[in-house]
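Chain and residue survey
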Amino acid sequence: MKTANLGALFAMELIALGAVAAYGFTRDVPTALSLLLGFIGLAVMITTWALFGSPKAKYKTSGPSRVVFEVIWFGAGVAALALMGAYVWAAAFAALCVASKTLAVTWNQ
């Protein structure tokens, strides 16, 4: 069960990245601008995860600051899905995040 949760945590990271990128790529703007928005969103998400969220992060977060970081980071994925009109997927992703992060804290992952 713990291994499955680690897999879910990794999948959640990828879903958040993909949702933010997809939101930028699907804007109703000229193609060059939508590509720019998608890649900028992706770059911001990757950079913040590398600096603050990854196990090898330069500026590790813990305790309350980690909770705030993860709420904002995964919340960006939920918001991107909702802004694209995928409300059911946004709600499902939010529920998965809450359940999986609760288990991760309980199991000290």
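Residues numbered from 1 in each chain as written. Predicted model: local features only at pLDDT ≥ 70, side-chain atom pairs only at ≥ 80, totals over all residues. Heavy atoms only, no water.

Our focus in this paragraph is the overall build of the protein. Along its length, the protein carries 4 helices and 0 strands. Secondary structure of the protein in N-to-C order comes out as α-α-α-α. Relative to the globule expectation of 13 Å for 109 residues, the C-alpha radius of gyration of the protein, 15 Å, shows essentially globular dimensions. Each of the three principal axes of the protein carries a C-alpha extent, and together these read 45 × 35 × 20 Å. In the protein, the share of contacts with a sequence separation of at least 24, taken over all contacts with a separation of at least 6, comes to 56%. Entry remark: accessible area of the protein is about 6,800 Å², with carbon and sulfur atoms responsible for 76%. (Helix = DSSP H or I, 4+ residues; strand = E, 2+ residues; numbered from the N terminus. Rg over C-alpha atoms; globule rule 2.2 N^0.38 Å. Contact = heavy atoms within 4.5 Å. Areas by Shrake-Rupley, 256 points an atom, 1.4 Å probe, with all protein chains shown as cover.)

We now examine the side chain of Glu70. Note that Glu70 resides in helix H3 (residues 64–83). In this view, Glu70 contacts Gly75 and Lys101; residues no more than four positions away in its chain are not counted.

Moving on: the pattern of salt bridges. One pass over the full model with this rule turns up 2 salt bridges. A salt bridge links Lys101 to Glu70; the shortest N-O distance between them is 2.9 Å. Of this pair, Lys101 sits in helix H4 (residues 87–106) while Glu70 sits in helix H3, placing them 31 residues apart in sequence. Members of the salt-bridge network, linked through shared partners, are Arg66, Glu70 and Lys101. (Salt bridge = Lys/Arg side-chain N within 4 Å of Asp/Glu carboxyl O.)

In short, geometric facts, not functional conclusions.
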